[in-house]
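Chain residues, written in single-letter form:
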Amino acid sequence: MNDESKVILLVEDNPDDVALTLRAFKRSHLMNPLVVARDGVEALDFVFARGAHAGRAEAPLPTLIILDLKLPRLDGLGVLKALRADPRTALLPAVILTSSKEEQDIVSGYKLGANSYVRKPVDFTEFVEAVKVLGIYWLALNQLPPRPASS
């Protein structure tokens with residue numbers, strides 16, 4: 001699977017954080033396509049090819065979901081719950097990238113199947129480094145489970 005087919009879904013409603021993440025990926029030379037969903041409902045529509053994203057029904061699932069917790073319409077924990085409840089996405093890597101330091105958010109995220117919980121660094125240089133490490137690990141080093149057979 002080449003970099004162009006390893007799509008990253010960024011679920012983030014804050015435009016500044018979206019721009020920061022895009023800059024961090026560019027600075028880290030991560031060339032994977034990055035799709036942005038602005039809320040939890042849009043994220044699930046993209047993953048499950050519903051609504052405005054119905055035309056991508058034959059497209060592969062994202063390789064990685066980077067998920068904020070505080071989102072409109074459906075929060076990040078609701079997205080995780082829906083992903084883990086569906087056999088097609090039960091093993092899809094989902095990393096929480098959030099500013100929340102609440103212990104309950106960390107516990108809930110892992111209980112609902114998050115693969116990792118990362119606090120957003122405030123400093124841009126630290127943020128770029130965090131995104132670079134996330135990208136290298138999840139897109140290059142990590143061995144993904146096999147894709148479920150299409151139904």
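Look up a bit, the structure's there.
The shown structure was predicted, so the numbers you read here are calculated from the model rather than taken from an experiment.

A. Focus on the packing of helix H1 (residues 15-27) against helix H5 (residues 124-141). As a packed pair, H1 and H5 sit with axes 9 Å apart at the nearest point and diverge in direction by 65°. As summarised for this structure, H1 and H5 are arranged roughly perpendicular, according to the angle between their axes. Pair H1 / H5 crosses with right-handed handedness. Facing Leu 20, Thr 21, Arg 23, Ala 24, Phe 25 and Arg 27 of H1, the residues of H5 in contact are Phe 124, Phe 127, Val 128 and Val 131. Here the contact of H1 with H5 is built from residues that sort into seven nonpolar, one polar and two charged.

B. Fine view of H5. A rise of 1.5 Å per residue sets the reference length of H5, with its 18 residues, at 26 Å; its end C-alpha atoms lie 24 Å apart and thus fit the reference within 8%. Listed as buried for H5 are Phe 124, Phe 127, Val 128, Val 131, Leu 134, Gly 135, Trp 138 and Leu 139. Viewed end-on, H5 has its buried residues packed into an arc of 130°, placing them on one side of the element. Residues of H5 that are exposed and point over 90 degrees away from its buried face: Thr 125, Ala 140 and Leu 141. For H5, the elements touching its buried residues are strand S1 (8-11), H1, strand S3 (64-67), strand S4 (94-98) and strand S5 (116-119). The backbone nitrogen of Thr 125 has a side-chain oxygen 3.1 Å away, supplied by the residue at the start of H5, namely Asp 123.

C. Representation of the sheet that holds S1 in the model. Strand order in the open sheet formed by five strands is S2-S1-S3-S4-S5, with parallel pairing between adjacent strands. The sheet is open, and its two borders are formed by strand S2 (34-37) and S5, each paired with just one other strand. On average, each strand axis in the sheet is tilted by 20° relative to the strand beside it, whichever way the strands run. Relative to S4, S3 is paired through three bridges, and the arrangement is parallel. Counterpart to Ile 65 in the pairing with S4 is Ala 94. Here helix H4 (residues 103-111) sits on the sheet in contact with S4 and S5, set at roughly 150° to S5.

Conventions and cut-offs
- Residues numbered from 1 in each chain as written.
- Predicted model: local features only at pLDDT ≥ 70, side-chain atom pairs only at ≥ 80, totals over all residues.
- Heavy atoms only, no water.
- Axes fitted to C-alpha atoms, helices over the stretch in contact; angles between N-to-C directions.
- Helix = DSSP H or I, 4+ residues; strand = E, 2+ residues; numbered from the N terminus.
- Parallel < 35°, antiparallel > 145°, perpendicular 65-115°, else oblique.
- Left-handed = near helix turned anticlockwise from the far one by under 90°.
- Contact = heavy atoms within 4.5 Å.
- Nonpolar A, V, L, I, M, F, W, Y, C, P; charged D, E, K, R; others polar.
- Expected span 1.5 Å × (residues − 1).
- Buried < 20%, exposed > 50% of the residue type's maximum accessible area, 1.4 Å probe, protein only.
- Arc of directions from axis to C-beta.
- Polar contact = N/O pair within 3.5 Å; in protein donor to acceptor, adjacent residues only side chain to side chain.
- Pairing = 2+ DSSP bridges.

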